[in-house]
Amino acid sequence: MRESILVILLTWTFMVHQGLCGRLKKIAQQPSNLLEDYSSYRHISIIHFNVPEHLVAVTFKFTAEEEKTGGIGKCLPRNVSLHLKTGSLPFVRPDGSKVAANLMKRRQRHYSLQMQSNGDEYTIKVEAPPAGDWYTIAFRSWTDPNDEQIKQQGLGASCETVLDSEMFVEMPAMTLLVNPGIEHEVQLNETSDSAIMQFLVPDVGFVEPSLLLNSSCGEDCNITVHITAGDNLANVLLNSTQTSLLFKPYAGSFHYVTLRLLSGNASNVIVRLINQTVFDQVTLVELTRKSFPEFFLFDYEHLRGNETKPQPFNITVDALSVFSFKIGRVYDVGGTVTLGFKLVDIDEKYKKNIILVACVSFGRYSNITSGGACERVHNVTTADVYVNSTGPAYVHVPFPEAGIWYVSMRAYCLEETTSDNDICHCGQTCLGGDAACDTCDCLSRCPVSVESIVASSPCIEGRCNDHGKCMHCMSSGFVFSTCLCTGGYRGFDCADDAYVLTHGGIILHLLTLTFSNLAFLGSIYVAIRREYFTEALSYAAVMFFSTFYHACEAGEDVYGVCIMRLSVLQFCDFFNALLAIWVTLVAMASLGPRLTAFCQIAGAIVLAMGAEMDRTALWVFLLPAVTGSAIIGLFWGYRCRRRQTIRYPSRPYRTIYFPAGLLLVALGLVSYAFLQTRKNYYLVHSLWHVCVAIGVILLLPKRQYMK
């Protein structure tokens, strides 16, 4: 297949694209995305771009705005976070949450942008971008949930954050398909200031080529040079007569050299590729893919002959062992790949001191130094996995990039020193992951058999650390897996307990929210003494359902007492609270027995409907409050006019109980509507219970006051 592609491409070894050089061309505009507040990874919105080949640069343009959907006031700009990456979803933790699992630390670069939803345009420009799938994730920026205010729906403006995105590309003046073994000359000038040279690097083992560049204008010109494959491998600013650029290529892949003249009139650039093969014997371990029908479920197994069960493979002394596996586009990138290794059949003389070093890399396999470090594309790092004889070791790769992944392996033995019969210090440092070592004199290679696991699954091995549930989420048609954490836990695997209440804290919240409802015992007693029996029943219902609603939801699945479904308890709590407000206002109006009964039943019907429609909306609370206040004003005014006096009701109620009750209820309302945060919720909400209960005692009039 690759040979046929080369034959086709060689028919146009030199092609010139006139008129597009240096100009941005819009080629994609994505539908508007609604953004959510970030509290876990499931709240991201995905924007996907397909970046074509042979581009000098690509510019992604983003605009976020607030759209009002209801409420009072205007929408204020909010902070928006955006992350962009090629090949897969960016794995980010904006809340700084901890992950208990061992995650692969060195991943491909992603671009981040902090913006505001004020209608301004924000851009991310990528020079010499890799072609293929680019994924953007966006969300309203994370804020500390302890400081987040609990807003009553309808008190302020209800707004949606809408993100619009576009992609602009810059084409080269020249595109060349070249033979990497031949010297090529490219002329750059003001009208033709960019060129892309494409060449194939075959899979021939460890190749560390250098790109020799000669510029005719020397220091009088500035020319940027980028080498790109699945990622940006190297770049340099050429402002001298000659320079060389070392890079580590992706095996068996097309590479692109992008030249752009930044300053200067013209330059003839001569490009020559010099291959330097590092001769190191490699043993390839073949793996077979086994796919399953569910999302993100597949394995790679080492099978021998007609065997159906995975078999161990041998790590030898004289060769680097390498296996590879492929991650497909779109459908494979939404899960987590788990790599596991276990040493088996260990020789007794190596058992105490043997350590397997494994380097996981994308696009090319990494050599392993004599000190047990991994030679990456840009530097030398510690290994991704260290395995000893005590048990298996794992590393997890969330949202792996699409393409070929490689795992390089070598086994080392820590030699004992002759002086004090102790393990050498450099070996402990190098194979403990403390430092990346080029050499270590007391490390020697040793043979071992290894069992391996390469398995993809939702979340991390399909679990969320027993503190959550693994979910499949969809955004813009793309499916990904993430954890829905419970009990205050957070993080990618629900392992971060920073916001988890202690058992004492849970009990404090539970007792405060439930026992504060006992203040309604006074309301019930006063109502019965004053012969308001319907009102007393309503207050009893409020006390009962509010107590058990909070006993169910405040217990954090540890001490919770749920006598029925939480949704039923919530409806009963809100409905009876609304009904208690209504019957109290009707009693204050003193309408007489027939009209009072009619208003109570009519109000119960309307309030049941409102509580079911939207029990947290402002209008549901305003409806009984405004209507009841209007009835009180109407009937009190009527009686004052008929009696030709403003001294109604009686003086004690009019001057003491009524204003004191209003003040207390107003205090509770202000606390409930404006002062609640997630951190102080249990205190402020309990204050609301007490204020309302005592306010009812003051506002419910004695019958002789209303005559």
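Nothing here was measured: the structure is a model prediction, and the numbers come from that model.

K.L.:
Help me understand the pairing of strand S14 (residues 210–215), please; the structure alone is not making it clear to me.
P.N.:
The two faces of a sheet get side chains in turn, since along a regular strand they alternate between them. The buried fraction of S14 amounts to five of the six residues, a majority that puts the element mostly inside the structure. By the bridge criterion, five bridges tie S14 to strand S17 (residues 242–246) in an arrangement that is antiparallel. Along S17, the bridge assignment pairs Leu211 with Leu245.

K.L.:
Would you explain the sheet that holds strand S4 (residues 57–71) in this entry?
P.N.:
Sheet strands line up and pair through hydrogen bonds in the backbone, either parallel or antiparallel. The four strands are arranged S2-S9-S4-S7 in an open sheet whose pairing can be described as antiparallel. Each of the sheet's edge strands pairs with one partner strand only, and the pair in question is strand S2 (24–35) and strand S7 (121–127). If you compare each strand with its neighbour and ignore which way they point, the axes differ by 20° on average. Examined bridge by bridge, S2 and strand S9 (residues 157–170) share nine bridges and lie antiparallel to one another. By the bridge assignment for S9, Ala28 is matched with Met167.

K.L.:
Can you walk me through the UniProt feature "transmembrane region" (unreviewed entry) in the protein in this structure?
P.N.:
Those residues carrying the UniProt feature "transmembrane region" (unreviewed entry) are residues 498–520, 563–588, 617–636, 656–675 and 681–700 in this numbering. Secondary structure over residues 617–636 splits into 95% helix and 0% strand, and the C-alpha atoms at its two ends are 30 Å apart. Annotation note: span residues 681–700, helix share 95%, strand share 0%, distance between end C-alpha atoms 28 Å.

K.L.:
Hey, could you run me through the nonpolar core in this one?
P.N.:
Note on soluble globular proteins: their nonpolar side chains tend to be buried together. If you look at the biggest cluster of nonpolar residues, it comprises 83 residues, and the most contacted ones within it are Leu211, Leu259, Phe323, Phe325 and Phe341. Among the nonpolar cores identified, the runner-up in size contains 43 residues, and Tyr532, Phe574, Val586 and Cys599 belong to it.

K.L.:
In this structure, what is going on with the environment of Phe574? I would like to understand it.
P.N.:
Among the structural elements, Phe574 can be located in helix H6 (residues 566–589). Judged by its relative accessible area of 13%, Phe574 falls in the buried class. Residues Phe574 and Val542 lie 32 residues apart in sequence; the distance between their C-alpha atoms is 8.4 Å.

K.L.:
Please explain the domain arrangement of the protein as it appears in this structure.
P.N.:
Accessible area lost upon the coming together of the parts is a frequently used measure of interface size. As far as domains go, the protein holds domain 1 (21–169), domain 2 (174–277), domain 3 (282–457) and domain 4 (503–705). Look at where the C-alpha atoms of domain 2 and domain 4 centre, and you get two points 77 Å apart.

K.L.:
I keep staring at the sheet that holds strand S8 (residues 132–140) and nothing clicks. Help me out?
P.N.:
The strand order across the open sheet built from four strands is S3-S8-S5-S6, with neighbouring strands paired in antiparallel fashion. The two strands at the open ends of the sheet, each matched to only one other strand, are strand S3 (45–51) and strand S6 (111–116). Between one strand and the next, the sheet's axes are offset by a mean angle of 20°, whatever the strand orientation. Judged from the seven bridges that link them, S3 and S8 form a sheet pairing that is antiparallel. Note on S8: the bridge partner recorded for Asn50 is Asp133.

K.L.:
Where do I start with the confidence of the model for the protein in this structure?
P.N.:
Detailed conclusions should not be drawn from predicted coordinates in areas where pLDDT is low. Overall, the prediction assigns the protein a mean pLDDT of 86, with 93% of residues at 70 or greater. Ranking the elements of the protein by mean pLDDT puts strand S1 (residues 14–16) last with 37 and strand S5 (residues 79–86) first with 96. pLDDT under 50 marks residues 1–21. Its contacts with residues more than four places away, or in other chains, come to 31 contacts.

K.L.:
What should I look at first to understand the UniProt feature "domain: EGF-like" (unreviewed entry) in the protein in this one?
P.N.:
Taking the numbering used here, the UniProt-annotated feature "domain: EGF-like" (unreviewed entry) corresponds to residues 483–494. Taken end to end, residues 483–494 is 0% helix and 25% strand, and its two terminal C-alpha atoms sit 7 Å from one another.

K.L.:
Would you explain the packing of aromatic side chains in this entry?
P.N.:
Ring pairs (aromatic) are described by centroid distance and by the angle formed between their planes. In the structure shown here, the tally under the stated rule is 27 aromatic pairs. On the basis of an interplanar angle of 50° and a centroid distance of 5.9 Å, the ring pair of Tyr300 and Phe325 is categorised as tilted. On the criterion of sequence distance, the pair formed by Tyr300 in strand S23 (residues 298–301) and Phe325 in strand S25 (residues 320–327) is long-range, its members being 25 residues apart. Under the relative-accessibility criterion, Tyr300 is labelled buried at 9%. What makes Phe325 buried here is its relative accessible area of 4%. Aromatic side chains Phe621 and Tyr672 sit 6.3 Å apart centroid to centroid with 50° between the ring planes, which places their arrangement in the tilted category.

K.L.:
Quick question: what am I supposed to make of the pattern of salt bridges here?
P.N.:
Charged atoms that come close allow side chains of opposite charge to pair. On inspection of all chains with the given rule, the structure shows 18 salt bridges. A salt bridge links Glu401 to Lys85; its shortest N-O distance comes to 2.5 Å. With Glu401 in the loop between strand S31 (393–398) and strand S32 (403–414) and Lys85 in strand S5, this pair connects stretches of sequence that are 316 residues apart. Using a relative accessible area of 2% as the deciding quantity, one classes Lys85 as buried.

K.L.:
Is there a simple way to explain unusual backbone geometry in this structure?
P.N.:
Most peptide bonds take the trans form, and the phi angle of most residues other than glycine is negative. With a phi close to 65°, Asp466 is a non-glycine residue in the positive phi region. Note that Asp466 resides in the loop between strand S34 (448–457) and strand S35 (468–475). Judged by its relative accessible area of 73%, Asp466 falls in the exposed class. Of note in this structure, Cys494 is not a glycine but carries a positive phi near 55°. When its relative accessible area of 0% is taken as the criterion, Cys494 is described as buried.

K.L.:
For this particular structure, what's the right way to read the side chain of Thr482?
P.N.:
Structurally, Thr482 is set in strand S36 (residues 478–485). Take Thr482: its relative accessible area is 2%, and that puts it in the buried class. If we ignore the near neighbours within four places in the chain, the residues touching Thr482 are Tyr41, Arg42, Cys459, Lys469, Cys470, Met471 and Cys473.

K.L.:
Whenever I open this one, the packing of helix H4 (residues 520–529) against helix H10 (residues 681–699) confuses me. Can you help?
P.N.:
Two quantities define a packed helix pair, namely the angle between the helix axes and the distance between the axes. Contact geometry for H4 and H10: axes closest at 8 Å, N-to-C directions at 15°. When the axis of H4 is compared with that of H10, the two are roughly parallel. Note on packing geometry: the crossing formed by H4 with H10 is left-handed. For the pair H4 and H10, contact is made by Phe520, Gly522, Ser523 and Val526 and by His689, Val692, Ala693, Val696 and Ile697, respectively. Looking at the contact of H4 with H10 residue by residue, the class counts come to six nonpolar, three polar and no charged.

K.L.:
I'm lost on the state of the cysteines in this one. Help?
P.N.:
Such a bond, covalent and formed between the sulfur atoms of two cysteines, is termed a disulfide. One pass over the full model with this rule turns up nine disulfides. Two residues, Cys430 and Cys437, share a disulfide whose sulfurs are 2.0 Å apart. Between Cys430 and Cys437, the disulfide has an S-S torsion of -95° and is therefore left-handed. By the burial criterion, Cys430 is buried, and Cys437 matches it.

K.L.:
Explain a nonpolar patch on the surface here, please?
P.N.:
On the surface, Ile601, Ile605, Val606, Met609, Met613, Trp619 and Leu623 cluster together into a nonpolar patch covering about 700 Å² of accessible area. Elements with a contribution of two residues or more to the nonpolar patch: helix H7 (593–614) and helix H8 (618–643). Here the nonpolar patch takes five residues from H7, the largest share from any one element. For Met609, a relative accessible area of 47% corresponds to the partly exposed category.

Calculation notes
Residues numbered from 1 in each chain as written. Predicted model: local features only at pLDDT ≥ 70, side-chain atom pairs only at ≥ 80, totals over all residues. Heavy atoms only, no water. Buried < 20%, exposed > 50% of the residue type's maximum accessible area, 1.4 Å probe, protein only. Helix = DSSP H or I, 4+ residues; strand = E, 2+ residues; numbered from the N terminus. Pairing = 2+ DSSP bridges. Axes fitted to C-alpha atoms, helices over the stretch in contact; angles between N-to-C directions. UniProt positions renumbered as here; feature names shortened; annotations may be inferred. Core = buried A, V, L, I, M, F, W, Y, C linked by side-chain atoms within 4.5 Å. Domains from an automatic or database assignment. pLDDT = per-residue confidence, 0-100. Contact = heavy atoms within 4.5 Å. Phe/Tyr/Trp six-rings, centres within 6.5 Å; stacked < 30°, edge-to-face > 60°. Salt bridge = Lys/Arg side-chain N within 4 Å of Asp/Glu carboxyl O. Parallel < 35°, antiparallel > 145°, perpendicular 65-115°, else oblique. Left-handed = near helix turned anticlockwise from the far one by under 90°. Nonpolar A, V, L, I, M, F, W, Y, C, P; charged D, E, K, R; others polar. Disulfide = S-S within 2.5 Å. Patch = residues over 30% accessible without salt bridge, like charges linked within 9 Å, V, L, I, M, F, W, Y side chains within 5 Å. Areas by Shrake-Rupley, 256 points an atom, 1.4 Å probe, with all protein chains shown as cover.

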